[in-house]
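Breakdown of the fold
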Number of protein chains: 2
Amino acid sequence: MINAVGRELPDYLDGFGKIKPFNGAFATLPDMPRQSPKVKRMCPGNHKVLNDLEEVFTKIPIRDGMTLSFHHHFRNGDGVVNMVLATAAKLGLKNLTVALSSVFPVHAPLIDHFKSGVVAALDTNYISGPVAAAISQGLPARPTILRTHGGRARAIECGQLHIDVAFIAAPATDCYGNINGVSGPTACGSLGYAFPDAEYADYVIAVTDHLEEYPLSPISIPQTRVDFVVKTDRIGDPKGIVSGTTQITKDPVQLKIASLAAQAIKASGMITDGLSLQTGAGGASLAVASFVRKMMRETGIVGSFALGGITGYLVQMLEEGLFKKIVDVQGFDLEAVRSLAANPNHLEVGAGFYANPFNSGCTVNQLDCVILGATEIDTNFNVNVVTGSDGIIMGGSGGHSDAAAGAKLTIIVANLLRGRLPILVDQVMTVTTPGETVDVLVTEWGIAVNPLRNDLLERFKTAGLPVKDISELKRIAEDIAGIPQTNRSQGKIVAVVEYRDGTIIDIVRQVPK
Amino acid sequence: MINAVGRELPDYLDGFGKIKPFNGAFATLPDMPRQSPKVKRMCPGNHKVLNDLEEVFTKIPIRDGMTLSFHHHFRNGDGVVNMVLATAAKLGLKNLTVALSSVFPVHAPLIDHFKSGVVAALDTNYISGPVAAAISQGLPARPTILRTHGGRARAIECGQLHIDVAFIAAPATDCYGNINGVSGPTACGSLGYAFPDAEYADYVIAVTDHLEEYPLSPISIPQTRVDFVVKTDRIGDPKGIVSGTTQITKDPVQLKIASLAAQAIKASGMITDGLSLQTGAGGASLAVASFVRKMMRETGIVGSFALGGITGYLVQMLEEGLFKKIVDVQGFDLEAVRSLAANPNHLEVGAGFYANPFNSGCTVNQLDCVILGATEIDTNFNVNVVTGSDGIIMGGSGGHSDAAAGAKLTIIVANLLRGRLPILVDQVMTVTTPGETVDVLVTEWGIAVNPLRNDLLERFKTAGLPVKDISELKRIAEDIAGIPQTNRSQGKIVAVVEYRDGTIIDIVRQVPK
């Protein structure tokens with residue numbers, strides 16, 4: 001069958017199940033009740049603190065084939081996933097599913113767990129590093145499910161992702177399991193991606209290196225959902241939170257693109273009081289923020305809120321009064337952690353509040369503008385952030401598709417050429433974010449506007465911006481670099497790319513070693 | 001059938017259903033999944049603000065026989081219940097169930113709605129004023145369900161109380177339905193009793209007189225659960241929050257009882273660092289707090305937390321450093337409101353976090369000591385706070401049974417004689433809180449200790465406290481006032497008294513006008 005972005009999909013996939021094809025960004029309606037975990041009780045006088053992870057495994061007990069979930073707020077500094085899976089391996093468990101909201105190079109030991117059969121499947125929103133390559137080579141027994149941040153919250157709340165045991169890396173907790181991310185020696189800030197896990201898992205375990213007196217405050221995850229508390233020496237390295245650059249780019253081409261993007265935001269009429277903005281942590285995204293900041297200062301504009309993964313740069317804008325609030329589902333650096341702990345206008349929210357399309361309203365719906373990147377983009381504005389042009393997994397949607405769907409103005413910033421390859425192609429290798437939710441592509445060679453947004457095209461032309469048809473941009477790229485060869489693998493399906501509404505927007509096939 | 005406190009109950013009650021008898025405070029285990037409301041969605045660009053309540057009724061639509069829920073944080077100053085039910089009456093609706101966490105004299109218009117058939121049943125935790133009398137006279141078509149605060153949270157979370165539409169009186173909200181109780185002209189403080197309603201109702205409506213810019217903060221009830229926002233002129237009168245006395249009693253007998261209770265707490269070894277305490281808002285309860293405060297000051301003790309309905313008196317103790325935290329499910333005066341808004345150590349929690357017996361751990365389980373009142377108490381330490389000795393409803397458990405079950409030390413303070421009647425009897429008219437969860441009765445004539453707590457008896461004797469057998473106290477009362485006549489009504493059952501675990505601990509029968 002062919003889905004709404006033209007991708008051929010099987011009806012059924014072994015190890016995954018029936019495939020529901022993507023049918024348009026807002027075409028699929030929820031038709032299920034909320035997940036309803038078993039009700040528990042805890043008598044007065046009973047205790048939650050256990051000595052070690054092995055005790056957790058035997059107490060629950062954790063059995064072959066269960067789904068264990070984890071959050072990624074420590075990013076490349078996470079210590080809990082490896083610790084828990086080492087325990088599982090030691091106890092001889094097999095066939096586990098790991099539902100980890102994002103995977104980083106630090107999680108390389110997963111590869112051995114795939115090989116030994118301890119872990120049979122991965123359910124995640126983003127993968128970087130050696131685990132991504134291992135999946136592309138077909139290592140896990142079952143296909144990986146690649147979700148979006150909002151889609152993961154939806155899958156948990158709506159029952160498509162059933163978690164047997166959620167392990168929460170808990171920077172601070174008390175004896176009764178209240179958790180926050182802002183206290184303790186390994187504070188990581190917002191714990192937003194763990195909120196759905198804590199709410200709907202059958203069992204919830206706080207793994208901590210910092211116990212405070214009862215009752216802990218603030219409380220991000222409540223005692224009412226936490227079954228056991230395990231104290232360990234160290235749950236992670238907060239320095240690892242800062243993955244990659246969180247500094248404004250110094251690359252002149254990227255600065256040019258960022259400047260153009262900021263002008264596009266201005267031309268769209270959004271530099272007004274109440275502006276809300278999401279930027280990523282990448283250097284180009286931050287450069288856009290810096291140009292917008294300048295415009296806001298010059299015109300005395302006070303924005304409403306900054307959203308998403310939060311950096312020190314956005315914290316500065318909050319503290320300067322350029323935004324009234326920060327809505328934080330994830331901290332990208334230690335400044336974001338500090339601000340969340342201290343500033344009542346810096347709000348911690350869960351993944352469902354951030355981006356779940358199936359509730360009574362998530363925050364991306366309130367977003368004016370989002371700046372996003374792309375590995376590839378096609379002439380229908382479909383974006384790939386899952387695979388490289390070689391077909392090997394190197395990322396994932398994270399909040400990409402969510403913010404694109406929600407924001408009034410979705411801008412993709414990208415160098416028209418990456419290395420010697422055009423990023424603008426006829427068909428992206430893997431559709432992640434559907435073109436109907438992308439409004440504008442900004443490159444160093446000009447700006448392309450989605451034909452669905454002729455209102456923007458007129459505004460950009462009036463503002464004198466270098467607007468070009470997207471086909472023309474593609475021709476420019478091909479004139480410089482030639483037409484890239486596309487080598488579509490015919491190997492087995494190693495991953496499904498799930499759109500935020502639970503439909504399948506694309507698949508990823510095995511690539512030979 | 002006869003339940004574990006000796007009460008005869010029918011197996012089945014018309015308008016209520018099958019009756020599960022109370023079987024002991026911790027004998028009944030949960031055997032159900034959590035309630036799973038239908039999943040909804042909200043597309044970008046859709047709005048939630050409606051013009052008036054009638055629009056809400058037609059938009060949902062609200063139909064005959066539905067259950068509408070409300071919180072009682074405005075207590076006797078509430079304006080929303082009457083407003084919504086007047087709309088229902090105007091639109092000709094019939095046979096509604098009103099699930100209002102507590103009922104006050106201001107809700108007297110309910111009586112007309114009972115008469116006209118607009119409202120057929122009431123589900124609540126506490127009733128004072130004319131509505132209580134009307135129920136005792138058998139006015140509503142179906143029996144009233146009297147729950148506890150924790151039991152109501154349980155009933156909602158576990159699916160025994162299904163709410164079609166929750167109306168949240170919202171002191172502050174934004175256009176997307178985020179709600180708090182600390183901003184705006186009618187701030188009422190904690191919204192804890194509305195948390196379960198907002199989480200599990202099919203539809204949630206914020207009724208507000210104060211809209212703030214998006215995103216509102218702090219957020220007590222999130223946009224993800226709120227479907228519509230209705231702006232009205234005034235949702236209530238915050239002055240009505242202060243119901244009855246929240247001042248320390250000046251009555252010498254009550255002061256004597258309070259002093260004895262404080263000495264009992266001390267003798268039980270609880271005046272140590274980390275003490276946690278719940279007192280009500282009544283003058284006698286506050287007097288106990290004042291004696292405890294003095295002991296804490298004298299010995300330099302720093303307590304852990306104060307819990308429950310919060311008064312300015314407890315706020316003073318927090319600000320003085322005698323408690324590290326306040327855990328607030330309900331504000332009893334405007335000082336509590338002020339403190340919750342300003343003090344990060346003053347925590348707002350939901351009814352489930354406070355006292356739901358069926359989750360992974362509620363806060364009453366962490367309580368050292370609770371001071372509670374009684375209308376009657378019997379020689380098995382069973383307490384009645386539902387009916388007067390005439391059998392007419394005049395209260396309800398509220399958090400009484402919850403705190404009694406959770407706390408390490410549950411003290412009932414009561415004058416041995418109320419008016420000319422002994423409060424100590426062979427059998428209370430209506431069992432509300434089972435004797436097995438009550439440790440100590442303190443009266444002006446001495447202290448009785450539950451035989452289950454011989455450890456306490458020894459400590460009290462060692463401390464030289466005036467300990468008496470409970471039968472001896474009863475004899476003293478009867479020597480003074482005679483043996484009270486008990487006139488058990490044989491009328492129809494007008495209310496069931498549900499214990500916090502969902503079993504029925506007693507029933508209330510109709511009393512002639």
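Along each chain, residue indices are assigned from 1 in the same order as the chain's sequence is written. The lettering of chains begins at A and the numbering of ligands begins at 1, in the order of writing. Note on the predicted model: pLDDT of at least 70 is required for a residue's local features to be given, and 80 or more for side-chain atom pairs to be given and counted; whole-chain, interface and lining totals, by contrast, use all residues. Values reported for side chains reflect all heavy atoms of the structure, with hydrogen atoms and water molecules removed beforehand.

**A closer look at the environment of K59(A)**
Residue and element names in this part refer to chain A. Think of it this way: any DSSP run of H or I at least four residues long counts as a helix, any run of E at least two long counts as a strand, and we number them from the N terminus. Turning to its location among the elements, K59 is positioned in helix α1 (residues 53–59). Along the chain, K59 and T144 lie 85 residues apart, while their C-alpha atoms are 29 Å from each other. Whether two residues touch is decided by their heavy atoms; if any such pair falls within 4.5 Å, the residues are in contact. Contact partners of K59, with chain neighbours within four places excluded, come to L50 and F228.

**Describing the interface of chain B and chain A**
For an interface, size is often stated in terms of accessible area lost upon the parts coming together. If you look at the interface, chain B gives 56 residues, while chain A gives 56 residues. Of the roughly 4,900 Å² buried where chain B meets chain A, counting both sides, 52% is carbon and sulfur surface. Salt bridges are counted wherever a side-chain nitrogen of Lys or Arg sits within 4 Å of a carboxyl oxygen of Asp or Glu. Taken together, the connections running from chain B to chain A amount to six salt bridges. By the criterion applied in these results, polar contacts are pairs of N or O atoms within 3.5 Å in which, for protein atoms, one can donate a hydrogen and the other can accept it, and in which residues neighboring in sequence qualify only through two side-chain atoms. Counting the contacts that link chain B with chain A gives 38 residue pairs in polar contact (both at pLDDT 80 or more). Buried area is understood as the total, over both parts, of accessible area removed when two parts are fitted together, assessed with a 1.4 Å probe.

**A closer look at helix α5 (residues 149–157) of chain A**
Taking burial as the measure, the nine residues of α5(A) include nine buried ones, the bulk of the element. Categorising residues by exposure relies on relative accessible area from a 1.4 Å probe, with only protein chains included: less than 20% of the type maximum marks a residue as buried, more than 50% marks it as exposed, and the intermediate range marks it as partly exposed. Within the sequence span of α5(A), burial applies to H149(A), G150(A), G151(A), R152(A), A153(A), R154(A), A155(A), I156(A) and E157(A).

**What to know about the sheet that holds strand β19 (residues 376–378) of chain A**
Residue and element names in this part refer to chain A. For two strands to be treated as a pair, DSSP must find at least two bridges joining them. Spatial ordering of the open sheet is given by β20-β19-β24, a layout of three strands whose pairing is mixed. Looking at strand neighbours, the two that pair on one side only are β20 (383–384) and β24 (424–425), the edges of this open sheet. Sheet topology note: the β19/β24 ladder contains two bridges and is parallel. Its bridge partner lying in β24, I377 is registered against L424.

**Description of the pattern of salt bridges**
Summed over the entire model, instances satisfying the criterion amount to 46 salt bridges over all chains. Between K324(B) and E213(A) there is a salt bridge whose closest N-O contact spans 2.6 Å. Note that K324(B) is positioned in strand β16 (residues 323–331) and E213(A) in the loop between β12 (211–212) and β13 (228–231), a pairing that runs across two chains. E319(A) is paired through a salt bridge with R338(A); the nearest N and O atoms lie 3.0 Å apart. A residue pair is termed long-range when its members are at least 10 positions apart, and E319(A) in helix α9 (residues 312–319) and R338(A) in helix α10 (residues 334–342) qualify at 19 residues. Look at E319(A) and you get partly exposed, because its relative accessible area is 47%. Beyond isolated ion pairs, a larger network of salt bridges with shared partners links R34(A), E157(A), E199(B) and R225(B).

**Re the pairing of strand β6 (residues 119–124) of chain A**
All names here are of chain A. Across the six residues that make up β6, a large majority, six, are buried. Sheet analysis places strand β5 (residues 96–100) next to β6, joined by four bridges and oriented parallel. Looking at the pairing, L96 lines up with V119 of β6. A crossover counts as right-handed when, viewed with the strands pointing away from the observer, the path leading from the first strand over the helix to the second turns clockwise. Where the polypeptide runs from β5 across helix α3 (residues 110–116) and back to β6, its parallel neighbour, the crossover connection is right-handed. Relative to strand β7 (residues 144–146), β6 is paired through two bridges, and the arrangement is parallel. Among the inter-strand pairings, D123 is bridged to a residue of β7, identified as I145. Read from β6 through helix α4 (residues 130–136) to β7, the crossover connection turns out right-handed.

**Let's talk about the side chain of R34(B)**
Residue position: R34(B) is located in the loop between β2 (17–18) and β3 (49–50). When near neighbours in sequence (up to four residues on either side) are disregarded, R34(B) contacts S36(A), P37(A), V39(A), E199(A), R225(A), E157(B) and Y200(B).

**A look at the sheet that holds strand β17 (residues 346–348) of chain B**
Strand pairing within a sheet occurs via backbone hydrogen bonds; the two strands may be parallel or antiparallel. All names here are of chain B. The sheet built from eight strands is open, its strands ordered β17-β16-β15-β14-β18-β21-β25-β26 with mixed pairing. Unpaired on one side and paired on the other, β17 and β26 (446–449) mark the two borders of the sheet. The average undirected angle you get between the axes of adjacent strands in this sheet is 20°. Relative to strand β21 (residues 409–413), strand β18 (residues 369–372) is paired through four bridges, and the arrangement is parallel. Fitting a line to C-alpha atoms yields each axis, with helices limited to the stretch in contact; the angle taken between N-to-C directions then spans 0 to 180 degrees.

**Re the packing of aromatic side chains**
All names here are of chain A. Only Phe, Tyr and Trp rings are paired, with Trp represented by its six-membered ring, and only when their centres lie within 6.5 Å; those with planes under 30 degrees apart are stacked, over 60 edge-to-face, the remainder tilted. For the structure shown, the criterion picks out twelve aromatic pairs over all chains. Between F104 and Y126, the aromatic rings sit 6.0 Å apart at their centres with planes inclined by 45°, giving tilted as the arrangement. Taken together, the residues span a long stretch of sequence, with F104 in the loop between β5 and α3 and Y126 in the loop between β6 and α4 at a distance of 22 residues. For F104, a relative accessible area of 5% puts it in the buried group.

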